[in-house]
Amino acid sequence: MPESNPISRRIIWPIALALAAFAQEKVTPTPAKQSFRITGTVVSALTAQPLAHTEVEIGWALKSETEQSLVTTDDGQFQFDGLPPGKYWLRAARNGFSRQGFDEHDGYFTGIVVGPGLQSADLIFRLRPDASISGMITDEQNELVRDVQVMLFRSGIENGRRATTLQGQVSSNDQGRYRFSHLSPGTYFVAVSARPWYAQGLEQRGRRVRGRVRGVQPPEGEPDIVPPNPALDVAYPLSYYSGATEANSATPIVLKAGDRASADVGLTAVHALTLRIHDPSVSPGQPFGATLEQHVFEGRTIPVPQENAQTRKGEIDISGLPPGEFVVNVQSFGKDNNNAKDTHGWTQTISLSSDADITAPAAGTASAPITGVVTLGGMPPGRRAYIQLRSRASGNTLGAEVSPKGEFEIPPSEVRPGTYQVSVTNLPESIVASVAASGAKVLGQSVVITGAGPVQLTVTMSEGLATVTGIAMKDEKPSGGVMIVLVPQDPENNTALFRRDQSDSDGSFNLRQVLPGKYTALAIENGWDLEWANPSVLKPYIKDGEAVDISGSRKYEVKLKVQ
Amino acid sequence: MPETVHSRAVRQVQVHLLSRVPRPKLRLSGDVHPTQATALLVFLAYLLTAQAFAQNASFTLSGSVVNSVTGEPIPRALVQMFAGGGNSTLTDSDGHFQFDGLAAMQTALTARKPGFFNEQEASQGQGMSALTRITIGPNTSSVVLKLVPEGIISGHVTADGEGIENIPVKLVHLRIIDGRRRWEQTGNATTDSDGEFRIASLVPGMYYAAFGPNWGPLAAVGNPKSRERGYAEVFFPGVPDLASAAPIDLSGGQQFEADISLKAEPLYHVSGAVSGYAAGQGVNLSFVNSAGDTLPFPVQFSRQGSEFQAQVTSGSYTLHAEAFSENSSLQANLPVTISADTAGIHLVLEPDVSIPVIVRTEFSSSQAAKVVPQNMPVTVQLTSSLPSLAASDYFSSLDAPANPSALALRDVEPGRYAAQVTPNGPFYVQSAQCGGIDLLRDDLTVPAGSRVPPIEVVLRDDGASLTGTVNSEGQSARGAVFLVPDRTPRQTKMAREQGQFRFTNLAPGDYGVFAADRGADLEYTNSEALSPYLGKAAHVTLPPNGNVNLPPLDLIHAGK
């Protein structure tokens, strides 16, 4: 280039800059001044019809407060204006449609990202109508049964595994009817736990019991004993829809959005049984009691309310029981009730089909406490941490408060054999990093308790936590609504290390509080019904996932291909 | 009768024996006379036959259980029989039951079934028993046990034609206890996803139904960031307070539909400050409706605790603030009517209202004055005379140990009350005044935030007594006897005795007396409820220290 006059060069530069700047302003307005909108239509996920009078709310993605809310017009439209750029959550609710997030799955939803060049208008918000299950409870004489407990179980993915858990309970009304409303699609079971209102049992068998006839005092001078009519010493077994008394024969109720299913349950009175519990180690006057649980699905249990337990020295008679499989937990308490070390307990499972006796196992196999230390980084004053041991198989949870020095003890009376995942709650920004034990085998972050002897745990809390963010891409385009899973090494024993999210409208996702370790990140479209913690289910996806090695408390970025 | 049967048998045996006794041949031992031997044999025969009868004594008790309203038999009801040989059974499909193999005895029976009440539960303490007493023997007649069917109140709650869910429904039961109206909260429910509710197991009686309040972030159509809306509390059939609500007269076996339409309205912001409490005292603020029921509106306090704000539906409330500490309790009550955002409300906490009670005892003769005056010469009871759900009555108590002879009514909340003064001892209340109000005739009004003058009571010891009996068609009968003082009808007393009734320590004066076959459900402290009976009442004038015996009172049969 020929040399130009130095002065003119100096002048041109600033003018060039100014021209450029001027050109910039005209073409691209300053982002800070612009506001955006989110608009769309709410429709029924079942009929695709627009829904009027629907309440719609939006708020900042990481906050729970509602920024704006409105009610849709007669053609189901909504419009939010004046929004600064960012990520928002969107929620809607209406009569017959429970509050749901946009594209919600399992508590995760797709966030709407708003900003220049981003699509946030004309959204179609599909709301799933609620389903319900209702029915009538009758006995063997076809008479309605009122005021009894009806239980609802749901088969779903809990912590990444398929499990059937208790969802709720209601009482049957005076017409023997019950209803469970606001149910989301899924597979359900209904069961009834009840006692015939007219049942007469052990409490009247030649023993003095106060006020036997409910609400009525016996005449003056009459003993309050009403010997039973054996035909009235009856009980109802735990009864499932439809007609089964065992969980594995129960009829599933499959609900789709908007279904109103009917499930009547029949109860048949059978002769009641008595269980006698012997514990020779109990001394006279020592407080001593038993609680019963009954198996429902997959080894989980529900408590059995007892009305008829008679306790004598070393023996408990529980009568009025229906046939079934029961878990009996017996506990005797030390003289000083506050001293947990004096408690002695044992558990036995019994399949009851006739009057039966069970005896305490020989001394030495009584349960022992679980003690230990949690390394705490330093607790804010007034806050208490809690250690929790949760069994995936039985749903049992053991727990104890952690002292400010980090010590805890779970008394023997609560300890049951099983494999438990260890977690510590109520600690700010810190989770369990590793677990070591003596007296028990450690698998990842789980311990195997046999109950054979005392167990000492050392629980180390995390020093730093990482964040994994990224974009899920499908066919080279960002994809929203995709399930993101961060799978740890040895997934079987490290359920606590899993992290999940749902990609937002711009394909982005955010996994927080990730502990150091080696992981594989996966993006699975329509993966919400998968047992995402089950290694055999994950196997086909792992090879196309992204390996991520977390070692510090920083941010990691990955790009995932949607599978 | 057993005796008759036995004597017949003995006579038969006697004849038999006499015909058997051989005359000359049998030699009886010793100097036993033939007639004595006969007597001995007869006695033995008696014993044997008596034994035989006892072992074969096997009676049957049968009967049926019926619906007391329709008379229809109740199948599968549980019948229980008390006492030796007691048993239980279910009635069959015709409501019939039977117990066999019973010995002769006295026993009692009771029946029950879900959805029914026994007559004692249904009559709410009218003195009826839950037990039916029976004598079992050869002539036992068939027993009929009656059960009263439950009442049900159900309904549909709508807004803009659509059923609304989660609306609380509360029932208030109006009862008459000790001649006075009492309102009790009983039974509640929440509307389901169709806006329907159902409350069963209700004893027959008078009920009021209250709906709401409820609130949720309902916004106006298309208008973002608008005011929250809610549903104000409404009493069936659609009025804002209990005092103007219509009662539901629920009879046994009736199902009443209480449908109501609610209107969503804006929630208003109410704010202000509370003062007068010491540092470290916790302050509590609540909204109380006209029936004395606390409504669960959310109230937020500032960090210092002195400023508050709340979101409420429109209505008339009493703002009630309380502050507690170890040795003192303060309260403030401010009536407010909210129909728009209201700010600047100021509540000043003050020590609770305490009404002193001053008692003077007058003796008619100097000798009687030797009676040692008691620490608690009277008990004063204040009962709310407006429909009120605010629980308890107030009772006078001693200000011990500070002032062992000072009697007072403590912590009385604003309201209108009927006072009842009961002497502890052989006295009558000659007068009870509070700042010019005659408490024997009128209500006591306790206003919010101002002092109440002491209650002055005068007792006298020259009371009269009244005795008498109740007759019905010439025969002695059992009924409730009402003694109505002409000047102070609120002080009507009731006695329920078998045989002779007796009232003592009565104030001298004129009275009306009558007996009726209903007692516990008559609102006898209310002159209006008494008027139909006073026309048939006997009149008596009681002099001081008099003892009057009335001629038998005719039992008035009060049709129900």
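Structure shown above.
Residues numbered from 1 in each chain as written. Chains lettered and ligands numbered in written order. Predicted model: local features only at pLDDT ≥ 70, side-chain atom pairs only at ≥ 80, totals over all residues. Heavy atoms only, no water.

**Student:** So what's going on with the overall build of chain A? Which residues, and what values?
**Tutor:** Helix and strand counts for chain A come out as 2 helices and 44 strands. At a minimum sequence separation of 6, the contacts of chain A that also span at least 24 residues come to 70%. When the accessible surface of chain A is split by element, carbon and sulfur atoms take 50% of a total near 27900 Å². (Helix = DSSP H or I, 4+ residues; strand = E, 2+ residues; numbered from the N terminus. Contact = heavy atoms within 4.5 Å. Areas by Shrake-Rupley, 256 points an atom, 1.4 Å probe, with all protein chains shown as cover.)

**Student:** Requested: an account of the sheet that holds strand 41 (residues 464-468) of chain B, with residues and values cited.
**Tutor:** Residue and element names in this part refer to chain B. Strand order in this open sheet of 3 strands is 46-41-49, and the pairing throughout is mixed. Single-partner strands in this sheet number two, and they are strand 46 (501-506) and strand 49 (547-549). Mean inter-strand twist for the sheet, computed between neighbouring axes without regard to direction, equals 15°. In this structure, strand 41 lies alongside strand 49, joined through 3 bridges in parallel fashion. For Leu466, the partnering residue across the bridge sits in strand 49 and is Val548. (Pairing = 2+ DSSP bridges. Axes fitted to C-alpha atoms, helices over the stretch in contact; angles between N-to-C directions.)

**Student:** Before we move on, can you summarise the pairing of strand 14 (residues 205-211) of chain B with the specific residues and values?
**Tutor:** Residue and element names in this part refer to chain B. Extensive coverage of strand 14 is indicated by the burial of 6 of its 7 residues. Sheet topology note: the strand 11 (residues 168-177)/strand 14 ladder contains 6 bridges and is antiparallel. The residue bridging His173 from the neighbouring strand is Tyr207, located in strand 14. Relative to strand 18 (residues 248-250), strand 14 runs antiparallel, the two being bridged by 3 bridges. (Buried < 20%, exposed > 50% of the residue type's maximum accessible area, 1.4 Å probe, protein only.)

**Student:** So, unusual backbone geometry: which residues are in play, and what are the values?
**Tutor:** Backbone torsion omega between Tyr241(A) and Ser242(A) reads -5°, so that peptide bond is classified as cis. Cis geometry is adopted by the peptide bond preceding Pro213(B), which originates at Gly212(B) and carries an omega value of 0°. Here Pro213(B) lies in the loop between strand 14 and strand 15 (214-216). A positive phi angle, close to 55°, is found at Gln513(A), a residue other than glycine. Topologically, Gln513(A) is positioned in strand 41 (residues 508-514). Even without a glycine there, the phi angle at Asn526(A) is positive, about 50°. Among the secondary structure elements, Asn526(A) is positioned in the loop between strand 42 (517-524) and helix 2 (535-542). Using a relative accessible area of 69% as the deciding quantity, one classes Asn526(A) as exposed.

**Student:** Can you tell me about the pattern of salt bridges, naming the residues and giving the values?
**Tutor:** Scanning all chains against the criterion turns up 31 salt bridges over all chains. A salt bridge links Arg179(A) to Asp192(B); the nearest nitrogen and oxygen atoms lie 3.1 Å apart. Remark: Asp192(B) occurs in the loop between strand 12 (180-190) and strand 13 (196-202) and Arg179(A) occurs in strand 12 (residues 177-183); the pair is interchain, linking two chains. Residue class for Arg179(A) comes out partly exposed when judged on its relative accessible area of 25%. Its salt-bridge partner being Arg490(B), residue Asp443(B) comes within 2.7 Å of it at the nearest N-O pair. Placement of Asp443(B) in the loop between strand 38 (437-438) and strand 39 (444-446) and of Arg490(B) in the loop between strand 44 (479-485) and strand 45 (493-497) is noted, with a sequence separation of 47 residues between them. When its relative accessible area of 23% is taken as the criterion, Arg490(B) is described as partly exposed. Several salt bridges converge on common partners, so that one network encompasses Asp139(A), Glu140(A), Glu143(A), Arg76(B) and Lys113(B). (Salt bridge = Lys/Arg side-chain N within 4 Å of Asp/Glu carboxyl O.)

**Student:** I'd like to hear about the pairing of strand 3 (residues 68-71) of chain A, residue by residue, with values.
**Tutor:** All names here are of chain A. Both faces of strand 3 are covered, namely the face carrying Gln68 and Leu70 and the face carrying Ser69 and Val71. When strand 2 (residues 55-60) meets strand 3, the two strands line up antiparallel, connected through 4 bridges. Counted as the bridge partner of Ile58 is Gln68 from strand 3.

**Student:** Quick one: what's the story with helix 4 (residues 527-534) of chain B, residue by residue and with numbers?
**Tutor:** All names here are of chain B. Those residues of helix 4 not exposed but buried are Ala529, Leu530 and Tyr533. Angular distribution of buried residues about the axis of helix 4 spans 90°; they occupy a single face of the element. Within helix 4, the exposed residues directed more than 90 degrees away from the buried face are Glu528 and Pro532. Looking at the buried residues of helix 4, the elements they touch are strand 44, strand 47 (509-516) and strand 50 (553-556). Here helix 4 starts with a cap whose side-chain oxygen sits 3.0 Å from the backbone nitrogen of Glu528, and that cap is Asn526. (Arc of directions from axis to C-beta. Polar contact = N/O pair within 3.5 Å; in protein donor to acceptor, adjacent residues only side chain to side chain.)

**Student:** Any chance you could break down the nonpolar core for me, citing the residues and the numbers?
**Tutor:** For soluble globular proteins, the rule of thumb is that nonpolar side chains tend to be buried together. Within the largest apolar cluster, 28 residues are counted, with the highest numbers of intra-cluster contacts made by Ile133(A), Ile137(A), Val190(A) and Ile253(A). Looking at this core, the elements that each hand over two or more residues are strand 9 (131-138), strand 10 (149-158), strand 12, strand 13 (186-193) and strand 16 (253-255) of chain A. What Ile253(A) contacts, discounting residues up to four positions off in sequence, is Ile133(A), Gly186(A), Thr187(A), Tyr188(A), Val190(A), Tyr241(A), Ala261(A) and Ala263(A). Of all hydrophobic cores here, the second largest spans 26 residues; its members include Ile167(B), Val169(B), Leu171(B) and Ala209(B). (Core = buried A, V, L, I, M, F, W, Y, C linked by side-chain atoms within 4.5 Å.)

**Student:** Pulling in residues and values, what's your account of the sheet that holds strand 6 (residues 116-118) of chain B?
**Tutor:** Residue and element names in this part refer to chain B. Read across the sheet, 4 strands follow the order 4-1-8-6 without closing on themselves; strand pairing throughout is mixed. At either margin of the open sheet sits one strand with a lone partner, and together these are strand 4 (96-102) and strand 6. Pairwise comparison of adjacent strand axes, ignoring direction, gives a mean angle of 35° for this sheet.

Remember, this is a structural readout, not a statement about activity or role.
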